[in-house]
Amino acid sequence: MTEITRLFDFPYYQLEHKPNAAALVTKYNGKWIETSTKEYLDKANALSRALLKLGVNKNDKIAVISTTNRTEWNIVDIGVLQIGAQNIPIYPTICAEDYEYVINHSESIYCFVSDAEVLEKVNKIRKNTNIKDVFSFDHIEGCKHYSELLELGQDTSNQNDVETRKNNVQPDDLATIIYTSGTTGKPKGVMLSHWNITSNVLDSAARVPLKNAETKILSFLPICHVFERVLIYVYQHAGTSIYYAEALDKIGDNAKEINPNMMSVVPRLLEKVYDKIMDKAEGLTGIKKSLFYWAVALGEQWKPYRENGAWYEFKLSIANKLIFSKWRAALGGELHTMVSGSAALQPRLARIFGAAGMQVMEGYGLTETSPVVSVGKYADKMYKVGTVGIPIPNVEVKIAEDGEILIKGPNVMLGYYKDPEKTASVMTDDYFHTGDKGEIDADGFLKITGRKKEMFKTSGGKYIIPTLLENDLKQSRFIEQIMVVGEGEKMPAALIQPNFEFLHEWIVRKNHPIENTMEAMAQSEIVQKRIQKEVDKCNVKFGKWEQIKRFEITPQVWSIDDGHLTPTMKMKRDVIKNMYTTLIEKIYRPN
């Protein structure tokens, strides 16, 4: 192979240059099962042969819905793509009605599901779709197992047809349609070509510190999201071993079992890891407690590249030996890099984990940009806390007059599926309008400053950027989610969903007479006053017109299932506003 231009070229490149006996590793029945590069491709080719026998044509759409990342996902991905068909990944957590919309809008004809829960949702709406058959990765009674396709494809007599199909796939051909979770309305189908994603993988690869098969990856962010999917191709290109975590709540256990060197994260996960560490510290006493908080305070001052000087580094070496080594041990002991995306990372967390020897490289991108636009890299001084790194090669970033980030490059999508109007609305010539606002500093680092559409004006004509206030307040352990409101009103205010788990522990620790229900906690004057302290602490950092004057606590957890959040944990602002109109009225019109 001379050149990688299509997505299925990555495993073939690995087989030729960096074959790995543990290319993909998934846990089945309590045991990690390794799949070699060769076995991976043998199964992908068997699947391709089976799909041809089922009559799958070029540009047919195949839906894939998996609750967890697993080896089968990659086998299906390559098996589908190399015959010129398209992989349509669907978020497992969306409702059955949204399954129906995506399957029908994409015109998918076959569907792969991971487990009984997903199958149940698909079966609810299957009669309203053109799905010919469903195959499952788990063994489920009444559903065909995907191994039946591998058996059907054991006959290699039509492998030449697979090769012909493969050779006819062009870099600019459509590879996948990814339905964005969208904070408003129906999901948009983002069309990405083989070259959109492949170029993004090749241009991003140099930013990721990988050492071939020596590097172990722990993967758990949904592979149906283009962020994790691109990283999986990056890892394949490097020849690393990819271990798929069993579930989100098993990350710690899995990390201790496999000792990963690297993983991708979202800020919310890091916040939860940090909160758990801090919760354990509450049980310490005496010198142990003092040392712990000394180390954390030291970590909050951390700067990369030993910028704090020799005395700081000496103190940090002691903190690392006594405290931070235990943090690393909780995540396997070998973790040196985490790539963070999807939302803004608190600079404080970047500093603390950096001090603990687990660098967090924050990146920026969108589904429409395949997704990577920029990302930090600790080597070569391409890392700066509070930024999303320097744009990757071949991707041009331009800041418009109104501060909006515009992107041009081979990674920019083909368009929105069946929606040329919407496509035209986000493009100016070759530039994609991200809707995000940002700035590029003198050293070329990109900093995200807010969301263009989310900025609003008060009745006094003052502009408010809610994300700035929200990101600051989410650093509080008392606050899980917060949404700043106040468009057209005299002042900004906030809806706050507390961290009920931490709040309960705090109530018990302080011996406050508050019933252990979310409603009682939300209505408690003691809780209101404590959260007011957090709001006051935040307010001093902002101008008087920006400060949050009033807030209301919501008595529910904001969740994906209840419609508050998208599958990527972004707030559905309009949905939340509609859900809590009574609370917003109480803020602005209390009588």
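This section reports on the structure supplied with the text. Quick caveat: nothing in here was measured; it's all calculated off a predicted structure.

So, on to the packing of aromatic side chains. Aromatic ring pairs are described here by two measures, namely the spacing of the ring centres and the angle between the planes. Here the structure, examined in full by the defined rule, presents 17 aromatic pairs. A centroid spacing of 5.8 Å and a plane angle of 20° characterise the contact between Phe10 and Tyr233, whose relative ring orientation is stacked. With Phe10 in helix α1 (residues 9-17) and Tyr233 in helix α9 (residues 226-238), this residue pair connects regions lying 223 residues apart in the sequence. Here Phe10 matches Tyr233 in class, with each residue buried. An aromatic cluster is defined as three or more aromatic residues linked by ring pairs; in this entry it consists of Tyr110, Phe112, Phe135, Phe137 and Tyr146. The residue whose ring lies beneath Lys462 is Trp545, and the NZ or CZ to ring-centre distance is 5.4 Å.

Let us look at the sheet that holds strand β26 (residues 493-498). Read across the open sheet, the three strands follow the order β25-β26-β27; overall the sheet is mixed. The sheet terminates laterally at β25 (479-485) and β27 (550-553), the two strands that pair on one side only. This sheet shows a mean twist of 25° between the axes of neighbouring strands, independent of strand direction. Sheet analysis places β26 next to β27, joined by four bridges and oriented parallel.

Moving on to the sheet that holds strand β2 (residues 31-35). Taken together, nine strands build an open sheet; the order of strands is β2-β1-β11-β10-β12-β13-β14-β15-β16 and the sheet is mixed. Edge strands, defined here as strands with exactly one partner in the open sheet, are β2 and β16 (390-391). Bridge count for strand β1 (residues 24-28) against β2 is five bridges, and the pairing is antiparallel. Across the sheet, residue Val25 finds its bridge partner in β2, namely Glu34. Contacts from helix α3 (residues 71-81) reach β1, β2 and β11 (241-244), with the element oriented near 135° to β1. Along the sheet face, α9 touches β10 (216-219), β11, β12 (262-265) and β13 (337-340) and points at about 165° away from the line of β12.

A few words now on the nonpolar core. One finds Phe112, Tyr146, Leu218, Phe220, Phe324, Trp327 and Met338 to be the most contacted residues of the largest nonpolar core, which totals 124 residues. Sorting elements by how many residues they give to this core places α9 first, with nine residues. Not counting chain neighbours up to four residues away, the residues in contact with Leu218 comprise Tyr243, Ala245, Ile251, Asn254, Ala255, Ile258, Pro260, Met262, Met263 and Ser264.

A few words on α1. Taken as a whole, α1 has its buried residues at Asp9, Phe10, Pro11, Tyr12, Tyr13 and Gln14. As for α1, its buried residues are in contact with α2 (37-53), α3, α7 (159-168), α8 (194-204) and α9.

Here the focus is a nonpolar patch on the surface. Taken together, the side chains of Trp294, Trp311, Phe314, Ile318 and Leu322 make up a nonpolar region of the molecular surface, amounting to roughly 500 Å² of accessible area. Considering each element in turn, the nonpolar patch owes the most residues, four residues, to helix α13 (residues 310-330). Among the secondary structure elements, Trp311 is positioned in helix α13.

Further remarks concern the packing of α8 against α9. Their axes nearest at 9 Å, the elements α8 and α9 cross at an angle of 60°. The orientation of α8 with respect to α9, classified from their angle, is oblique. Our pair here, α8 against α9, has a crossing hand that is right-handed. Contact with α8, carried on its side by Ile197, Asn200, Val201 and Leu202, involves Val230, Tyr233, Val234 and His237 of α9 and no other residues of that element. Looking at the contact of α8 with α9 residue by residue, the class counts come to six nonpolar, two polar and no charged.

The geometry of α3 relative to α9 is characterised by a closest axis approach of 13 Å and an angle of 90° between their N-to-C directions. Taken together, the axes of α3 and α9 lie roughly perpendicular to each other. The segment α3 lies against α9, with Trp73, Asn74, Asp77 and Leu81 engaging Arg229, Ile232, Tyr233 and Gln236.

So, about the environment of Ser193. Secondary-structure assignment places Ser193 in strand β9 (residues 189-193). A relative accessible area of 2% places Ser193 in the buried class. In the structure, Ser193 is positioned 218 residues away from Asn411 in sequence and 8.8 Å away in space, judged by C-alpha atoms. Ignoring any residue separated from it by four or fewer positions in sequence, one finds Ser193 in contact with Pro171, Asp172, Asp173, Leu174, Ala175 and Leu414.

On to the pairing of β26, then. The buried fraction of β26 is high, at six of six residues. Inspection of the sheet shows β25 paired to β26 by six bridges, in the antiparallel sense. When the sheet's bridge partners are listed, Met483 is paired in β26 with Leu495.

With that settled, the discussion passes to a negative patch on the surface. On the surface, Glu117, Glu120, Asp561 and Asp562 cluster together to form a negatively charged patch. For Glu117, the location among the structural elements is in helix α5 (residues 116-125).

Under the criterion given, the structure shown has 32 salt bridges. A salt bridge links Lys144 to Asp133; the nearest nitrogen and oxygen atoms lie 2.6 Å apart. Within this pair, whereas Lys144 is found in strand β7 (residues 144-145), its partner Asp133 is found in strand β6 (residues 133-136), the two being separated by eleven residues in sequence. For Glu534, the salt bridge identified is with Arg530, shortest N-O distance 2.7 Å. One end of the pair, Glu534, and the other, Arg530, are both in helix α19 (residues 525-539), four residues apart, so they sit about a helical turn from each other. Residues participating in the shared-partner salt-bridge network are Lys27, Glu246, Lys250 and Glu257.

Rules behind the numbers
Residues numbered from 1 in each chain as written. Predicted model: local features only at pLDDT ≥ 70, side-chain atom pairs only at ≥ 80, totals over all residues. Heavy atoms only, no water. Phe/Tyr/Trp six-rings, centres within 6.5 Å; stacked < 30°, edge-to-face > 60°. Helix = DSSP H or I, 4+ residues; strand = E, 2+ residues; numbered from the N terminus. Buried < 20%, exposed > 50% of the residue type's maximum accessible area, 1.4 Å probe, protein only. Lys NZ or Arg CZ within 6 Å of the ring centre and 35° of its normal. Pairing = 2+ DSSP bridges. Axes fitted to C-alpha atoms, helices over the stretch in contact; angles between N-to-C directions. Contact = heavy atoms within 4.5 Å. Core = buried A, V, L, I, M, F, W, Y, C linked by side-chain atoms within 4.5 Å. Patch = residues over 30% accessible without salt bridge, like charges linked within 9 Å, V, L, I, M, F, W, Y side chains within 5 Å. Areas by Shrake-Rupley, 256 points an atom, 1.4 Å probe, with all protein chains shown as cover. Salt bridge = Lys/Arg side-chain N within 4 Å of Asp/Glu carboxyl O. Parallel < 35°, antiparallel > 145°, perpendicular 65-115°, else oblique. Left-handed = near helix turned anticlockwise from the far one by under 90°. Nonpolar A, V, L, I, M, F, W, Y, C, P; charged D, E, K, R; others polar. Lys, Arg positive; Asp, Glu negative; His and termini not counted. Charge placed at Lys NZ, Arg CZ, Asp CG, Glu CD.

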